[in-house]
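# Chains, contacts and geometry: an overview
The residues making up each chain are set out below.
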Amino acid sequence: FKELFASESKLGATFWRVLGWTMIWAVLATFTSYIFGMLLAMLINRKGIKLKKLYRTLFVATIAVPQFVSLLYVAMGLLFGSILNDRQVGGICGALLTNLSAWLSGVWFDLELVGGAFQKIAYALPFVHAVQLEQAVLAGDFAGVFPHLWWVLGYATITMIAAIILFLRQMK
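Residues numbered from 1 in each chain as written. Predicted model: local features only at pLDDT ≥ 70, side-chain atom pairs only at ≥ 80, totals over all residues. Heavy atoms only, no water.

It is worth spelling out the nonpolar core at this point. If you look at the biggest cluster of nonpolar residues, it comprises 19 residues, and the most contacted ones within it are Leu133, Val145 and Val152. The set of elements that each furnish at least two residues to this core consists of helix H3 (52-83), helix H7 (126-139) and helix H8 (145-171). Per-element accounting of this core gives the leading share, 6 residues, to H7. Sequence-distant contacts of Val145, defined by excluding residues within four places in its chain, comprise Leu133, Ala136 and Val137. (Core = buried A, V, L, I, M, F, W, Y, C linked by side-chain atoms within 4.5 Å. Buried < 20%, exposed > 50% of the residue type's maximum accessible area, 1.4 Å probe, protein only. Helix = DSSP H or I, 4+ residues; strand = E, 2+ residues; numbered from the N terminus. Contact = heavy atoms within 4.5 Å.)

Written as structure tokens, this is what we have:
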């Protein structure tokens, strides 16, 4: 750790440079988000703007819904981290989970083109539902949000509970 915090070493110099840029990014991202959020709020609250509730709902939904999808992947990471060693986690969560979720989400190709068992497996897993959830939110189709939201939240909840139980069992 001494080498990491010493600015004379190559590792230390890199650390301080990266930390500096991270702090600049954090400050700029915070202030620009705050400023643009306030400008958007002032624009929506102006007199004469129709459909204010719709605009507010769309704005909040596009921010909130990705968090549910992220929760699913966090839960999967915790689950695999609780049952596998560090080498295995890199392979499972890196290549396998990334490719599996991409293939079974319907992002790369339409699942109806493949059909059959592949399509049934894809719709039994949460990945295609996560994509369709995001598509429904961006399209403003709030009736189409909830069936997919329940799939994603259900998988995230079950996975998170399993990860917590396995983690606590492993800590004993």
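Picking up after the structure, the text goes on.
Now for unusual backbone geometry. One non-glycine residue, Leu51, adopts positive backbone phi at about 60 degrees. Since its relative accessible area comes to 55%, Leu51 is described here as exposed.

Quick look at the environment of Asn45 now. Within the element layout of this structure, Asn45 appears in the loop between helix H2 (10-44) and H3. For the pair formed by Asn45 and Arg56, sequence separation is 11 residues and the distance between their alpha carbons is 9.7 Å. Once residues lying within four places of it in the same chain are set aside, the contact partners of Asn45 are Lys52 and Arg56. Here Arg56 takes part through its side chain, which lies 2.4 Å from a polar atom of the side chain of Asn45. (Polar contact = N/O pair within 3.5 Å; in protein donor to acceptor, adjacent residues only side chain to side chain.)

Of the voids in this model, the largest pocket is the one considered here, and its volume is about 170 Å³. Looking at the largest pocket, the residues that line it are Met76, Leu79, Phe80, Ile92, Leu96, Leu97, Leu100, Leu125, Pro126, Phe127, Tyr155 and Thr159. For the lining of the largest pocket, the secondary structure elements donating two or more residues are H3, helix H4 (86-103), H7 and H8. Among the elements that take part in the lining of the largest pocket, H4 stands out by supplying 4 residues, more than any other. (1 Å grid on protein atoms, 1.4 Å probe; cavity = no way out; pocket = protein on both sides within 12 Å on 5 of 7 lines; lining within 4 Å. Points joined across faces, edges and corners; volume = space filled by probe spheres on them.)

Now for the side chain of His129. If you trace the backbone, His129 turns up in helix H7. Residue class for His129 comes out buried when judged on its relative accessible area of 6%. A polar contact of 3.1 Å, which involves the side chain of His129, links it to the side chain of His148. When neighbours within four sequence positions are excluded, His129 is seen to be in contact with Tyr123, His148, Trp151 and Val152.

A full pass over the atoms with the stated rule returns 7 aromatic pairs. Where Phe109 meets Phe118, the ring centres are 6.0 Å apart and the plane angle is 35 degrees; that geometry is what we call tilted. On the basis of relative accessibility, which here comes to 29%, the residue Phe118 falls in the partly exposed class. Put simply, the rings of Trp103, Trp108, Phe109 and Phe118 touch in pairs and so form one group of aromatic residues. (Phe/Tyr/Trp six-rings, centres within 6.5 Å; stacked < 30°, edge-to-face > 60°.)

The next thing to look at is the packing of H3 against H7. Remark: H3 packs on H7, axes separated minimally by 9 Å, with the N-to-C direction vectors making an angle of 170 degrees. In terms of their interaxial angle, H3 and H7 are classed as roughly antiparallel. Judged by residue contacts, Leu58, Ala61, Thr62, Val65, Pro66, Val69, Leu72, Tyr73 and Met76 of H3 engage Pro126, Phe127, Ala130, Leu133, Glu134, Val137 and Leu138 from H7. Each residue belonging to the contact of H3 with H7 can be placed in one class, and the counts come to 14 nonpolar, 1 polar and 1 charged. (Axes fitted to C-alpha atoms, helices over the stretch in contact; angles between N-to-C directions. Parallel < 35°, antiparallel > 145°, perpendicular 65-115°, else oblique. Nonpolar A, V, L, I, M, F, W, Y, C, P; charged D, E, K, R; others polar.)

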